[in-house]
Amino acid sequence: MKKDKITIAIDGFSSCGKSTLAKALASELGYIFIDTGAMYRAVALYCFKQGWITKEGIDESSVVNNLDKITLHFERNLENSKLEIFLNNINVEKEIRTLEVSQLVSKIASIKLVRSKLVFEQQKMGKNGGVVMDGRDIGSVVFPNAELKLFVTASPEIRVERRYKELLLTDPTISKESIKANLEERDYLDTTRSESPLIQTQDAIILDNSNLTPDEQLYLALEIVNERL
Ligand code: DC
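*Asks:* Account for the nonpolar core, with residues named and values stated.
*Replies:* If you look at the biggest cluster of nonpolar residues, it comprises 37 residues, and the most contacted ones within it are V43, C47, L72, I85, I108 and V114. Put simply, the parts of the chain that give this core at least two residues each are helix 2 (36–50), strand 3 (72–76), strand 4 (83–87), helix 4 (99–109), helix 5 (112–125), strand 6 (131–135) and helix 6 (138–142). Sorting elements by how many residues they give to this core places helix 2 first, with nine residues. Beyond its immediate stretch of four places on either side in the chain, V43 contacts I70, L72, I108, V114 and L118. L25, Y31, L207 and V225 belong to the second-largest nonpolar core, a separate cluster that totals 21 residues.

*Asks:* Mind laying out the sheet that holds strand 4, listing which residues take part and the relevant values?
*Replies:* Strand order in this open sheet of three strands is 3-4-5, and the pairing throughout is antiparallel. Two strands close off the open sheet at either side, each with one partner strand: strand 3 and strand 5 (90–91). Where strand 4 and strand 5 come together, two bridges link them in antiparallel fashion. The partner of F86 across the bridge, within strand 5, is N91. Contacts from helix 2 reach strand 3 and strand 4 within the one sheet, and its direction differs from that of strand 4 by about 30°.

*Asks:* Help me get a handle on the packing of aromatic side chains, residues and values and all.
*Replies:* Two aromatic rings, taken as a pair, are described by how far apart their centres are and by the angle between their planes. In total, this model carries two aromatic pairs according to the counting rule given. An angle of 85° between the planes, with centres 6.3 Å apart, marks the rings of F13 and F151 as edge-to-face. Placement of the pair is F13 in the loop between strand 1 (7–12) and helix 1 (18–29) and F151 in strand 7 (residues 148–153), with a sequence separation of 138 residues. Exposure remark for F13: the relative accessible area of 23% places this residue in the partly exposed category. Taking relative accessible area as the criterion, F151 reaches 6% and is therefore assigned buried. Seen in terms of ring centroids, Y46 and W52 are 5.9 Å apart; in terms of plane orientation they differ by 65°. Their pairing is edge-to-face. As far as the burial class goes, Y46 and W52 line up, both buried.

*Asks:* Which residues make up the site of the ligand, and what are the values?
*Replies:* Taken together, 15 residues are adjacent to the ligand, and R41, R115, D137, R186 and R193 come closest. A distance of 3.4 Å is found between an oxygen atom of the ligand and a side-chain nitrogen or oxygen belonging to S106. In this structure, R136 approaches the ligand through a side-chain N or O atom, which is 3.0 Å from an oxygen atom. Burial of the ligand by the protein amounts to 96% of the accessible area it has alone, namely 450 Å². When contributions to the shell around the ligand are tallied by element, the ones reaching two or more residues are helix 2, helix 4 and helix 8 (176–192). For the shell around the ligand, the element with the highest residue contribution is helix 2, accounting for four residues.

*Asks:* Would you mind going over the environment of L67 in detail, with residue names and values included?
*Replies:* Within the secondary structure, L67 is located in the loop between helix 3 (60–65) and strand 3. Taking the C-alpha atoms as reference points, L67 and V141, 74 residues apart in sequence, are found 20 Å from one another. In contact with L67, other than residues within four places in its own chain, are L113, V114 and K117.

*Asks:* Residue-level account of the sheet that holds strand 2 (residues 32–35), with values.
*Replies:* Spatially, 2-6-1-7-8 is the arrangement adopted by the five strands of the open sheet, whose pairing is parallel. Of all the strands in the sheet, just strand 2 and strand 8 (205–208) have a single pairing partner and so form its edges. The mean angle between the axes of side-by-side strands here comes to 20°, regardless of whether they run parallel or antiparallel. As paired elements, strand 2 and strand 6 share four bridges and run parallel to each other. Of the residues in strand 6, the one forming a bridge with D35 is D134. Set on the sheet, helix 1 makes contact with strand 1, strand 2, strand 6, strand 7 and strand 8; between it and strand 1 the angle comes to about 165°. Sitting on the sheet, helix 2 is in contact with strand 2 and strand 6, with an inclination near 40° to strand 2.

Conventions and cut-offs
Residues numbered from 1 in each chain as written. Predicted model: local features only at pLDDT ≥ 70, side-chain atom pairs only at ≥ 80, totals over all residues. Heavy atoms only, no water. Core = buried A, V, L, I, M, F, W, Y, C linked by side-chain atoms within 4.5 Å. Buried < 20%, exposed > 50% of the residue type's maximum accessible area, 1.4 Å probe, protein only. Helix = DSSP H or I, 4+ residues; strand = E, 2+ residues; numbered from the N terminus. Contact = heavy atoms within 4.5 Å. Pairing = 2+ DSSP bridges. Axes fitted to C-alpha atoms, helices over the stretch in contact; angles between N-to-C directions. Phe/Tyr/Trp six-rings, centres within 6.5 Å; stacked < 30°, edge-to-face > 60°. Near = heavy atom within 4 Å. Polar contact = N/O pair within 3.5 Å; in protein donor to acceptor, adjacent residues only side chain to side chain. Areas by Shrake-Rupley, 256 points an atom, 1.4 Å probe, with all protein chains shown as cover.

Here is the structure:
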């Protein structure tokens, strides 16, 4: 029997417009949007503040032995009605988006026990369906039975341009070169790590949004969703 509220898994590379699409889809459908990248970023921020991770290296045993000290939850911001992430009850939605955290997060995301903790929480949040979840392993690991899986892609140049515009709003000194290097490094680490690497599952529908506006991308995705509902 077809469900009223399905689970939509959105995976893809960094800065491909996954979150933009996931947010818009969730709002159109009245579903919950969960940004799983924010969860990995929040763990990276915590470990950075504790001094367990720097650009030079990572103290993996401190990270793993202290995972139970990290609590994460999402709360709706009443001004813009978006879900924002809280790390140990403190809103870190802005702090996790810096290039500094982007440069550390892939190392954190490659640790097996970090992944199992976050995957468990993601599965709990999405167990009743009516959820749009975006990340790297949603269709492959978190919800392998999701009714709809989208794999979002865009050309490397467009991804750099989009990230540049976004980060420029908070950091006028940011350079395109540093963003390009970070995206290339994260693509490499996300696709080659041994724990749940980013893959395109066979049942995922590819959505290349290089030449699409956010509205066009949403329209296309809604057509696909309506076929599944
Ligand atoms: O989507 P994002 O760029 O905010 O994600 C930050 C990092 O977290 C990304 O480099 C890979 C990792 N990540 C992951 O490994 N698995 C997920 N489900 C989501 C993100």
